[in-house]
Amino acid sequence: MKIVGNISIQNKIILMVLASTIPALCLASGIFLYNDFKLIKKDMLKNLRILGEVVGANSRSALIFNDVTSASIYLSSLQTEKQVVYAAIIDQSGKIFATYTSSKRPNFKAPDTQVLSQIVTKNYISMVLPIRFEGNEIGKIYLHAELQEFKIRQRNILYLTGFTFVGVLVIAFIVAVNLQGIISKPILSLANIATAISKNRDYSQRVSYEGDDEIGKLYSGFNEMLLQIENRGKELEIYGKDLECKIIESKQLTEKLAKSEARFRQVILDAPIPIMIHDDKGNVLMISKMWTEITGYKHCELSTLENWGKRAYPGNTSLVLERIRKVFVDNHFINRGEFEITISDGT
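Residues numbered from 1 in each chain as written. Predicted model: local features only at pLDDT ≥ 70, side-chain atom pairs only at ≥ 80, totals over all residues. Heavy atoms only, no water.

Draft legend 1. Representation of the overall build of the chain. A count of helical and extended segments in the chain gives ten helices and seven strands. Counting across all 347 residues of the chain, residues that qualify as buried make up 26%. For the chain, the share of sequence-separated contacts (at least 6 apart) that also reach a separation of at least 24 residues comes to 49%. Here the chain displays about 24000 Å² of accessible surface, and carbon together with sulfur accounts for 57% of that area. Seen as two clouds, the 42 positive and the 36 negative side-chain charges of the chain have centres 10 Å apart. (Helix = DSSP H or I, 4+ residues; strand = E, 2+ residues; numbered from the N terminus. Buried < 20%, exposed > 50% of the residue type's maximum accessible area, 1.4 Å probe, protein only. Contact = heavy atoms within 4.5 Å. Areas by Shrake-Rupley, 256 points an atom, 1.4 Å probe, with all protein chains shown as cover. Lys, Arg positive; Asp, Glu negative; His and termini not counted. Charge placed at Lys NZ, Arg CZ, Asp CG, Glu CD.)

So this is what it looks like as structure tokens:
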């Protein structure tokens, strides 16, 4: 099946036509040969019987008057029948009265007259027919015919059937080659267009097909798919432009925020009063230069409010930290005033 799957659709259609034609031809040829062979052999038996009856009827007077010469003359008329190689007229006593032997088989051995019967084989036919006069049997005629002529006719019929088989197969092949385009061309055209669209990414193209069969439905479905892809592409293009604008705006805003933050940091650092900025978790984010000048503590030493409380308020750390916590929790502002702290030198 993998091999068939790699074959082009044109060759697949041709193979399908031939695959359906060959079994039909084989069946028809078999039936024809069987029937023809059967009819030929049946005709040979019929003709041989008629021939024997005619010769036997002509030989009645010879048997009655014991005229061997006349009987032999009647038998010699069988030489026009090539398939008959031996014939004999047998009298009432069972003795051979007159014989005929074909020049093709001069050494033919006559059978025993006591055991004569009709025999049909693939090589010969032997037949015994009664010779009657006024309703009484006065003798018999024995005919032995070889089936060489039958075999020749068989061979000729086989040749004719074979030539017909090949001829019909060739015609079927030619017809399949010419008609496969009805199916393969639209499909191959669609495949080529799909490849071109995939390379060029131009989804505005459309395919056309005159017909309402399965291929027409395939074309319609393909056009519908292209329409959906085209619409989605337009939507994505619009979304992409909006996203690009938003990215530009975000970038501009980020730059503004960065500049604003830089200015804010610089303002804090250069403030004339000590300033500390920390988050709600107690992490110290930055301190002003004036804070360091007054307290002697650097930012790296005051990473958290707890560190600041332990250093600046060694005896009252918990109370100070609780008051600072209320600023975030209860929006409770610390009263302004002067506070004593312990600076870095311990004073």
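Further notes follow.
Draft legend 2. Representation of the side chain of Thr 161. Checked against the element boundaries, Thr 161 lands in helix H5 (residues 148–179). Apart from residues no more than four positions distant in its own chain, Thr 161 is found in contact with Ser 29, Phe 32 and Leu 33.

Draft legend 3. Quick peek at the nonpolar core. Counting residues in hydrophobic clusters, the biggest one holds 29 residues, and the most contacted among them are Leu 48, Leu 75, Leu 78, Val 84, Ile 89 and Ile 141. At the level of secondary structure, the elements contributing two or more residues to this core comprise helix H2 (9–58), helix H3 (60–64), helix H4 (68–76), strand S1 (84–90), strand S2 (96–101), strand S4 (124–133), strand S5 (136–146) and H5. Filtering out sequence-adjacent residues up to four positions away, Val 84 remains in contact with Leu 48, Leu 51, Leu 78, Tyr 100, Ser 102, His 144 and Ala 145. (Core = buried A, V, L, I, M, F, W, Y, C linked by side-chain atoms within 4.5 Å.)

Draft legend 4. Examining the pairing of strand S7 (residues 284–287) more closely. Bridge analysis of strand S6 (residues 276–278) against S7 gives three bridges, and the strand direction is antiparallel. Across the sheet, Ile 277 pairs through a bridge with Met 286, a residue of S7. Here S6 folds back onto S7 in antiparallel fashion, the turn holding five residues, of which Gly 282 has a positive phi close to 90°. (Pairing = 2+ DSSP bridges.)

Draft legend 5. How the structure looks around the pairing of S4. Note that strand S3 (residues 119–120) and S4 share two bridges and pair antiparallel. Across the sheet, the residue bridging to Val 120 is Ile 125, located in S4. As judged from the ten bridges shared by S4 and S5, these two strands associate in the antiparallel manner. By the bridge assignment, Phe 133 is partnered in S5 with Asn 136. Following S4, the chain reverses through two residues before pairing antiparallel with S5; Glu 134 in that reversal takes a positive phi of roughly 55°.

Draft legend 6. View of the packing of helix H6 (residues 181–200) against helix H7 (residues 214–269). Relative orientation of the contacting elements H6 and H7 amounts to 10°, with a least axis distance of 11 Å. The orientation of H6 with respect to H7, classified from their angle, is roughly parallel. Here H6 contributes Ile 182, Ile 183, Pro 186, Ile 187, Ser 189, Leu 190, Ile 193, Ala 194 and Ile 197 to the contact with H7, which in turn contributes Ile 215, Leu 218, Tyr 219, Phe 222 and Leu 226. Residues belonging to the contact of H6 with H7 are distributed by class as follows: 13 nonpolar, one polar and no charged. (Axes fitted to C-alpha atoms, helices over the stretch in contact; angles between N-to-C directions. Parallel < 35°, antiparallel > 145°, perpendicular 65-115°, else oblique. Nonpolar A, V, L, I, M, F, W, Y, C, P; charged D, E, K, R; others polar.)

Draft legend 7. Focus on the packing of helix H9 (residues 305–312) against helix H10 (residues 317–329). H10 packs onto H9 with a crossing angle of 140° between their chain directions and a minimal axis gap of 9 Å. As the angle between them shows, H9 and H10 are arranged oblique. Taken as a pair, H9 and H10 cross one another with a handedness that is right-handed. On H10, the residues that touch Leu 305, Glu 306, Gly 309 and Lys 310 of H9 are Thr 317, Leu 321 and Ile 324. (Left-handed = near helix turned anticlockwise from the far one by under 90°.)

Draft legend 8. Region of interest: unusual backbone geometry. At Asn 66, a residue that is not glycine, the phi angle is positive and equals roughly 55°. Checked against the element boundaries, Asn 66 lands in the loop between H3 and H4. The backbone phi angle of Glu 134 is positive, close to 55°, even though this residue is not glycine. Mapping Glu 134 onto the fold places it in the loop between S4 and S5.

Draft legend 9. Representation of the pattern of salt bridges in the model. Applying the stated rule across the entire model yields four salt bridges. In this structure, Lys 241 engages Glu 237 in a salt bridge whose closest nitrogen and oxygen atoms are separated by 3.9 Å. Of this pair, Lys 241 and Glu 237 both sit in helix H7, four residues apart, which is roughly one turn of the helix. The shortest N-O distance in the salt bridge between Lys 289 and Asp 270 comes to 3.5 Å. Taken as a pair, Lys 289 in helix H8 (residues 289–295) and Asp 270 in the loop between H7 and S6 lie far apart in primary sequence, 19 residues in all. (Salt bridge = Lys/Arg side-chain N within 4 Å of Asp/Glu carboxyl O.)

Draft legend 10. Representation of the environment of Leu 45 in the model. When you line up the elements, Leu 45 lands in helix H2. Between the C-alpha atoms of Leu 45 and Val 17, which are 28 residues apart in sequence, the distance is 42 Å. Not counting the four nearest positions on each side in its chain, Leu 45 is found in contact with Val 120, Ile 125 and Met 127.

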